[in-house]
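# Notes for the structure review
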Amino acid sequence: MRYKELGQALPGAKPAPAGRPPAQNFKYIGAYLPRVDGELIVTGAAAYTHDLHLEHMLYGKILRSPHACAEVVALDLAPALALPGVKAGLRLKEGRLNYLGEPVAAVAAVDEATAEEALELIKVEYKELPFVVSEEAAQAEGAPQVLAEGPNVQKLNELTRGDVDKGFGEAELIFERTYRTSWEVHQTAETHASLAHWEGDSLTVWDSTQAVHSVRDGLARALKMPAAKVRVIKKYMGGGFGSKLGVNDHTVAAALLAGQARRPVKIVLTRKENSYCVGYRPSNRVTIKAGVKKDGTLTAVHFKNFTCGGLGRGDDCADPLVDLYRCLNLKVEEYSVFAHACPNRPTRAPGHTQGTFALEGFMEELAAELGMDPLELRLRNYTTKNQGDTGTPYSTKGLEQCYKLGAEKIGWQGRHKRPGQAAGRMKRGLGMASQIWPGAGVPGTLADLYVYPDGSVEVQCGTQDIGCGTRTFMAAIAAETLGLEPKDITVKIGDSDYPWAPVSGGSLTAPSVGPAVRDAALKAVEQLKQLAGKKLGIPADQVAVADRKFANAQNPSQSLTFAEAARELRRETVFHGERALWAPGFDYQTFGAQFAEVEVDTETGRIRVLRVVAAHDVGRVLNRLTAESQVLGGVLQGLSAALFEQKTMDRSLGRMVNANLHDYKVATIQDCPEIIPLFADVVDERLNILGNKGLGEPPRIPSSAVIANAVFNAIGVHIGEIPMTPDRVLEALKKKREVRS
Amino acid sequence: MESGSHNNKKRKKTYTRRAFLKGVGGGAIGATVATGLLGSAPLGPGQDSAEPAVFESKPITLTVNGKLQRLTVKPRETLLHVLRERLRLTGTKRTCDRGECGGCTVLLDGKPVYACMVLAARTDGRQVRTVEGLAVEGKLHPVQQAFIDKDAFQCGFCTPGFIMSGVALLEGNPSPGDEEIKAALSGNLCRCGNYQKIHEAVAAASERMRGGLK
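In short, a report on the structure. Because the structure is a prediction, the values reported are computed rather than measured. (Residues numbered from 1 in each chain as written. Chains lettered and ligands numbered in written order. Predicted model: local features only at pLDDT ≥ 70, side-chain atom pairs only at ≥ 80, totals over all residues. Heavy atoms only, no water.)

### Side note on the sheet that holds strand 22 (residues 559-561) of chain A
Residue and element names in this part refer to chain A. Here is the rule: Note on pairing: two strands pair once DSSP finds at least 2 bridges between them. Numbered from the N terminus, helices here are DSSP runs of H or I no shorter than four residues, and strands are runs of E no shorter than two. Axis angles are defined between N-to-C directions and span 0 to 180 degrees, where every axis is a line fitted to C-alpha atoms and, for a helix, only to the segment in contact. Throughout, a contact is declared for two residues whenever any of their heavy atoms are within 4.5 Å.
Taken together, 3 strands build an open sheet; the order of strands is 20-21-22 and the sheet is antiparallel. Across the chains shown, the open sheet's two edge strands, defined by having one partner strand only, are strand 20 (543-546) and strand 22. Looking at each pair of strands side by side, their axes are set apart by 20° on average, direction ignored. Sheet topology places strand 21 (residues 549-552) next to strand 22; 3 bridges connect them, and they run antiparallel. Bridging across to strand 22, A551 finds its partner in S559. Against the sheet, helix 15 (residues 509-536) makes contact with strand 20, strand 21 and strand 22, and its axis sits at roughly 50° relative to strand 21, the strand it touches most.

### Here we look at unusual backbone geometry
Rule in force here: Buried, partly exposed and exposed residues are distinguished by accessible area as a fraction of the type maximum, computed with a 1.4 Å probe on protein chains only: under 20%, between the cut-offs, and over 50%, respectively.
Residues I722(A) and P723(A) are joined by a peptide bond in cis, for which omega reads 0°. Positionally, P723(A) belongs in the loop between helix 18 (705-715) and helix 19 (726-740). Positive phi values are uncommon outside glycine, yet R88(B) reaches one of about 55°. Along the polypeptide, R88(B) turns up in the loop between helix 3 (79-86) and strand 3 (105-108). One non-glycine residue with positive phi stands out, namely D151(B), at about 55°. Here D151(B) is to be found in the loop between helix 4 (142-150) and helix 5 (159-172). Of the residues examined, D151(B) reaches a relative accessible area of 0% and is grouped as buried.

### A word on empty space enclosed by the protein
All names here are of chain A. Defined as follows: Lining residues are those with an atom within 4 Å of a point, where the points come from a 1 Å grid over the protein atoms alone and group into cavities, where a 1.4 Å probe fits but cannot get out, or pockets, open sets with protein on both sides within 12 Å along at least five of seven lines. Grid points are joined across faces, edges and corners, and a volume is the space filled by probe spheres set on the points. Three categories are distinguished: nonpolar for Ala, Val, Leu, Ile, Met, Phe, Trp, Tyr, Cys and Pro, charged for Asp, Glu, Lys and Arg, and polar for the others, with Gly belonging to the last.
On inspection of all chains with the given rule, the structure shows 10 cavities of 30 Å³ or more. Counted as a void, the largest cavity has a volume near 500 Å³. Taken together, the elements giving at least two residues each to the lining of the largest cavity come down to helix 14 (470-482), helix 15 and helix 17 (624-643). The leading source of residues in the lining of the largest cavity is helix 17, at 3 residues. Here the lining of the largest cavity is built from residues that sort into 13 nonpolar, 19 polar and 4 charged.

### Observations concerning the side chain of S434(A)
All names here are of chain A. The condition that has to hold: In protein, a polar contact requires one atom able to donate a hydrogen and another able to accept it; more generally it is a pair of N or O atoms within 3.5 Å, and residues adjacent in sequence count only if both atoms are side-chain atoms.
One can find S434 in strand 16 (residues 426-437). A polar atom in the side chain of S434 sits 3.4 Å from the side chain of Y325. Among the polar contacts made by the side chain of S434, one reaches the side chain of Y403 at a distance of 2.7 Å. In this structure S434 touches L324, Y325, T356, E360, R378, L399, Y403, G592, A593 and P702, once residues within four positions along its chain are discounted.

### Focus: the interface of chain B and chain A
Quick note on the threshold: Summed over both partners, the accessible area (1.4 Å probe) lost when two parts come together is defined as the buried area. The working definition used for a salt bridge is a side-chain nitrogen of Lys or Arg within 4 Å of a carboxyl oxygen of Asp or Glu.
With 52 residues of chain B in contact, the opposing surface of chain A contributes 61 residues. Counting the surface lost from both chain B and chain A, the interface buries some 4800 Å², and carbon and sulfur atoms represent 54% of this. For the pair chain B and chain A, the interface holds 6 salt bridges. Between the two partners, chain B and chain A, sit 26 residue pairs in polar contact (both at pLDDT 80 or more). Counting only elements with at least two residues in the side of chain B that touches chain A, the list comes to helix 1 (5-12), helix 3, helix 4, helix 5, helix 6 (178-185) and helix 7 (195-209) of chain B. The class makeup of the residues in the side of chain B that touches chain A is 17 nonpolar, 16 polar and 19 charged.

### As for the pairing of strand 24 (residues 590-601) of chain A
Residue and element names in this part refer to chain A. Counting buried positions along strand 24 gives 12 out of 12 residues, so the element sits mostly inside the fold. Note: strand 24 against strand 25 (residues 607-617), 10 bridges, orientation antiparallel. Residue pairing for strand 25: A596 is matched across the bridge by V612.

### Re the nonpolar core
Put simply, the rule reads: Nonpolar cores are built from buried Ala, Val, Leu, Ile, Met, Phe, Trp, Tyr and Cys residues. Side-chain atoms within 4.5 Å join them into one set.
By size, the foremost hydrophobic cluster in this structure holds 156 residues, and its most contacted members are V598(A), I707(A), I715(A), M724(A), F147(B) and Y195(B). Not counting residues up to four positions away in its chain, the partners in contact with Y195(B) are L636(A), A667(A), T668(A), I669(A), C672(A), F162(B), N188(B), L189(B) and C190(B). Grouped together as the second largest cluster of nonpolar side chains are 46 residues, V457(A), I493(A), L531(A) and F575(A) included.

### Observations regarding the environment of R415(A)
Residues and elements named next belong to chain A. Considering the arrangement of structural elements, one finds R415 in the loop between helix 13 (399-410) and strand 16. Relative accessible area serves as the criterion here: at 8%, R415 is assigned to the buried category. Taking the C-alpha atoms as reference points, R415 and P130, 285 residues apart in sequence, are found 51 Å from one another. What R415 contacts, discounting residues up to four positions off in sequence, is D373, P374, L430 and N713.

Fair warning: the whole summary comes from geometry, so function is off the table for now.
Okay, here's the thing in structure tokens:
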């Protein structure tokens, strides 16, 4: 399944129950709410997988291929197993190894140092084979074939709409540009880690994951055992960004080693392993050729993409183009290029980020070519239906509001009308970029709400908090609906034994889980109102719910406390909540626009980002405080990728030369600009009971593009490639001078 | 502070534990490589260049969060290892394990250090403060409270390190300016990208500690 299709409704999902009034006048939902678990985080008490320790626990380590491509000729574990303190060992792969870092064997020992020592005692004979570690080398003549079957370049995606030849024939101008993005490593703060523990034939795994249910299913498949006997738990997790969505080799290894030793085994990857072995955003080389009328009307677009994700298929990235602008005639061709590196993994808004870098860079350059305001060009081709205005209408589309909010805040009118017109060494510029992403959530997501006879309330859902504040919005929704306070709600998540929820990826969590919790709480409050009404001697519809009380709406002094009403249930009672289907006939997407101001030192090539305004339409915002954090993070990560990040490969040795946090540059506080998050607040009543969409990916989608576009406005040349390192900026400036002279 | 933190990093990267360990050969370690945080003065070998003594293990006594701890440590053990694996103080995180990210920042005799870069054998008789030792009788330190109020974290994994850097800054300089805050926090990486709110939180805590806010 494509990552972007994770948001499909489950087969059993039901339509929304009729007769529920639209939600409004909320006290907690949409407010600025500090996290309910904030104290655990700031005191260091929140237990991440790294931090867990079980009695008799062993430490696992993995022997990994030191070659980009090799054959295992012979492997002898015996010397490692003979080392005192080593309790288990196993082979993980025989035969051909296709990337540096591919698991070969694993050991478990009483401490990490012994496990490391044991790895060095494993005798392996490798036969080195020719390799390619870049998109260019993989396409060169005579390049070694990477996959056992099929060539190094394979078709990934194609699409045709209308008549492209006719469209180009109608054009008054034909414009073509190429944009490149690099391998960007997630570099999560908490490296991947798993702790496996067997009790009889049942397995419990604590995993640093974004997806307890999918890891459970993946483990069951890998171990050929029933999913019913596997439990996966994740309480706190130090960053995922798409790299922790499924079961990992080391998780399976931990389970096998634990089975062998009959003791719990924990495997924590090193920073180097995280740099090599758990994915990255694939590179993309996108060429866009468009036919356009002088007024900015697009008549035809041809989009060609070569994506390289090592052994993975890379990312198709035409979706933003397919939907975002009115263009009747379109041709898309996308190709995967295979190389000897670990497979790419989804990376915050896979495909959309790279596609937006290309598309929105193109729009900015095209506007300059036409002498138009780039915002006006976008509005000229604005759509209200998907498929470039040829398909299904959007239920809501707040992009125009985002454009207005953002343009006003950044002072768009003050930009250079002609890119690069500023004089002097330090040049400032303004740029913009737009965003589209599904984020509608998964109908069929479940949440259970327990009301105990003492009046306490618990919400259970097998979702995860990956840093976005899931626990807090769940508590807020339950409290809001039941007339309680968020701190009254006990939230239990991050366990595959709880009701099903999707992976926390694809901006799915809030629009899946939020409505399910609301549904459960509405069912609970309905029954409690019945019981309270009976006790108060009034009909249930005259019972008002607020301030931990069920009161007579006509006579508020006549009331029961929440606990008194709950006591009437006589036992703990579970209310099953479910995210319902959206109304048919519409498409549901998130939208947004970012605006940035940068300063470029034209002598050193150094770019400084001064300000970023990020305006997003994600439906109803559930918690403004945490939502703002997500936007800040999306902007900052885009800045980091735009200026610094690149998994750099030595093409002759096949190694990554920056497999650490010193040489793999990520933005620090010194690089952080002023970031202003804004929300369009377009509640989508048709989408779900709360009208909210996802916010995980949206702020990351335009956040590299917007900086490149602002640089273009500042210096008059689009760098066309990220990261925009000083050498690339200087090279681009030099080329511009050469063209002029 | 025109120059970026990357330049700072490069300049101060000379003192790595790896390079140091290679230099003295396996097993025989004695000198501390207490790399200071980026943006604050490093405690380099120059200040602490005693000849290494050969030992298999060494008894040490250190005070952690006010509590005396007697331990026998191996030459290769870091303060980070002692805190996490021996004392189970897991609030201090192991993120890079080579002095690049600040996730394991603790206060050693009041100065912020990367615990992964300090050999445990060299902490004998010294005072260590970790994130677990900040709250007093259940009342959060103003920096901790400000991190909650401002939502200065997302996944929270880098948070203890940032909080310790913030505490170190404010205890030495109660009214830092924006550039001083940035400098003090530039040795810590937040991959979720919450720097703006982290900055705001430290500024708010500064105000609170000076009595501006209760």
